[in-house]
Amino acid sequence: MRQRLAILAVVMIAVAWMVTTQRTREEPDGTVPSSVEVQHAVESILDRAMDYPYEDVRTSYLFVNGKTYDYTDLGSDPMRDGRVKDDHGALVHVEDFLRGILPEVGGKLPPSINERHAVIAYGSNRAPSALAQNFSNGLSTRHRTAIPVIKAILPDFEVVHAAHYERNGNQPATIQYAAGARAEVFVTFLDDEDLMLMHAAEGLDPASPLSWYHYAKLSDINLQLVGGPTLASAFAYIDNYGATKVNDRTFAVSKVAGQTISAKMSQQEVLDLTRSLVESGDPGLDGAHRCSDMTGARHFLCTSWADTCLRAQRIRALHEKYSAPFAVPSGAIPKYEVISGSTHAGNPANYLGPRCERDPDIG
């Protein structure tokens, strides 16, 4: 979910321009990046894309201004009497820990768990690196973040590969109803400003007719927090492009633990599958974008990243022919309610780009 921040888009445009035109600019010390350094930057982008949904997360943690502190127990309130390991490995109550760093977290004690929104993180938003990206974008007026990220089990849903390609070329995750499945997810407990920043990170524009995701409420669920209570409801970002569906089959994200109904696939495996369906023999911009030395899924990933219009073309083909929209059957126990954002797939109005001039609504 996370390569979508407007500020990141600007950075990516700059990198793509440098790679496309084969130009370099001077660094502050007067040096210029070499072709090897530029290529290394491209490879790093592709490595991260292939690694989606990024680093493995094994336990609940408290996220504070880019740092993580593992919970040893949640207590009755993970923001007050829960306990974490501090920077020195000592066990401390969260309230005491936060009071010790009040200037760093805005000068006052952050809101308790009851003042927060329980938002299911099933893809990259469970990863500390993605949260650091989302909450270090200069949009916050208070310049602090303190978020409990709690491991949980979500019955009757599974985490599957979505039917579109991110800005870096990978296929992100979404959730779908699947009776009998049990997905290992995390719950981010966001305060009001955290939620608005997360909406921005997900490209959620309430005034836009198109959006990558919509924000929904799942009710009558049994979301079991590991080491904590069971929640009957929670919120989630639902991918408007739906789940990848080929030959009446969807595909679970292999890096997400749990019991699935769909067969599991890695990022490389799902890219291998979908590129055979949407590539159409298109050459991309291999030479200009330095993808020519790559093969298979990595070449596909690279050309999707390098050529915005090619990526848009591939997204259209995948979404129109090989996708299943999110739905909860009418007879199922869980209830699903759209809270905010358009449910129609496409680039939201607040997205700064890059957009394909020929097809600006898809991305």
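Anything mentioned here points back to the structure above.
Residues numbered from 1 in each chain as written. Predicted model: local features only at pLDDT ≥ 70, side-chain atom pairs only at ≥ 80, totals over all residues. Heavy atoms only, no water.

A. Molecular detail of the overall build of the protein chain. Along the backbone of the protein chain there are 9 helices and 15 strands. Across the 363 residues of the protein chain, 55% fall into the buried class. When contacts within the protein chain are restricted to residue pairs at least 6 apart in sequence, long-range pairs at least 24 apart make up 73% of them. Of the roughly 15,100 Å² of accessible surface on the protein chain, a fraction of 52% belongs to carbon and sulfur atoms. (Helix = DSSP H or I, 4+ residues; strand = E, 2+ residues; numbered from the N terminus. Buried < 20%, exposed > 50% of the residue type's maximum accessible area, 1.4 Å probe, protein only. Contact = heavy atoms within 4.5 Å. Areas by Shrake-Rupley, 256 points an atom, 1.4 Å probe, with all protein chains shown as cover.)

B. Examining the state of the cysteines more closely. Counting across every chain of the model gives 2 disulfides. One disulfide in the model links Cys 291 with Cys 302; its S-S distance is 2.1 Å. Across the S-S bond linking Cys 291 and Cys 302, the dihedral sits near -75°, which makes this disulfide left-handed. Of this pair, Cys 291 sits in the loop between helix H7 (286-289) and helix H8 (296-306) while Cys 302 sits in helix H8, placing them 11 residues apart in sequence. On the basis of relative accessibility, which here comes to 0%, the residue Cys 291 falls in the buried class. Relative accessible area serves as the criterion here: at 0%, Cys 302 is assigned to the buried category. The disulfide that involves Cys 309 links it to Cys 356, with 2.0 Å between the sulfurs. (Disulfide = S-S within 2.5 Å.)

C. Highlighting the side chain of Asp 77. Within the secondary structure, Asp 77 is located in the loop between strand S2 (67-73) and strand S3 (83-85). Summary of buried charges: Asp 77 has no salt-bridge partner, and the nearest side chain of opposite charge, Arg 80, is 4.8 Å away. Look past the residues within four positions of Asp 77 in its chain and what remains in contact with it is Gly 82, Ser 112 and Ile 113. (Lys, Arg positive; Asp, Glu negative; His and termini not counted. Salt bridge = Lys/Arg side-chain N within 4 Å of Asp/Glu carboxyl O.)

D. Geometry of helix H5 (residues 192-201). Along H5, the residues classified as buried are Asp 194, Leu 195, Leu 197, Met 198, His 199 and Ala 201. Along its buried surface, H5 packs onto strand S5 (117-121), helix H4 (128-134), strand S6 (146-161), strand S7 (173-190), strand S8 (213-225) and strand S9 (230-239). Of the residues that open H5, the one with a side-chain oxygen 3.2 Å from the backbone nitrogen of Glu 193 is Asp 191. With its phi angle positive at about 70°, Gly 203 sits one or two positions after the end of H5. (Polar contact = N/O pair within 3.5 Å; in protein donor to acceptor, adjacent residues only side chain to side chain.)

E. The arrangement of the pattern of salt bridges in detail. Inspection of every chain in the model, using the stated rule, returns 14 salt bridges. Across the pair Arg 298 and Asp 47 runs a salt bridge whose closest N-O atoms are separated by 2.6 Å. Of the two residues, Arg 298 is situated in helix H8 and Asp 47 in helix H2 (residues 35-50); the sequence distance between them amounts to 251 residues.

F. Examining unusual backbone geometry more closely. Residue Pro 53 is bonded to the preceding Tyr 52 through a cis peptide linkage, with omega at 5°. With respect to the helices, strands and loops of the structure, Pro 53 is situated in the loop between H2 and strand S1 (61-64). Geometrically, the link from Gly 353 to Pro 354 is a cis peptide bond, its omega value of 10° lying close to zero. One can find Pro 354 in the segment after strand S15 (335-340). The phi dihedral of Asn 65 is positive, around 50°, even though this residue is not glycine. Tracing the backbone shows Asn 65 in the loop between S1 and S2. Under the relative-accessibility criterion, Asn 65 is labelled partly exposed at 31%.

G. Looking closely at the packing of H8 against helix H9 (residues 308-321). Between H8 and H9, the least distance of the axes is 5 Å, while the angle of their chain directions is 115°. Of the possible angle classes, the one that applies to H8 and H9 is roughly perpendicular. Contacts from Phe 300, Thr 303, Ser 304 and Ala 306 in H8 reach Thr 308, Leu 310, Arg 311 and Arg 314 in H9. Split into classes, the residues belonging to the contact of H8 with H9 amount to 3 nonpolar, 3 polar and 2 charged. (Axes fitted to C-alpha atoms, helices over the stretch in contact; angles between N-to-C directions. Parallel < 35°, antiparallel > 145°, perpendicular 65-115°, else oblique. Nonpolar A, V, L, I, M, F, W, Y, C, P; charged D, E, K, R; others polar.)

H. Quick look at the environment of Arg 249. As for its placement among the helices and strands, Arg 249 is situated in strand S11 (residues 249-253). Residue class for Arg 249 comes out partly exposed when judged on its relative accessible area of 44%. Counting along the chain gives 75 residues from Arg 249 to Ala 324, while the straight-line C-alpha distance between them is 9.6 Å. With residues near it in sequence (within four places) discarded, Arg 249 still touches Thr 244 and Ala 263.

I. Summary view of the packing of aromatic side chains. All chains considered together, the criterion is met by 8 aromatic pairs. Where Phe 326 meets Tyr 336, the ring centres are 4.8 Å apart and the plane angle is 65°; that geometry is what we call edge-to-face. Residue Phe 326 is found in the loop between strand S14 (323-324) and S15, and its partner Tyr 336 is found in strand S15; the two are separated by 10 residues along the sequence. Aromatic ring contacts, followed pair by pair, group Tyr 215, Phe 235 and Tyr 237 into a single cluster. (Phe/Tyr/Trp six-rings, centres within 6.5 Å; stacked < 30°, edge-to-face > 60°.)

Honestly, it's all geometry; don't read function into it.
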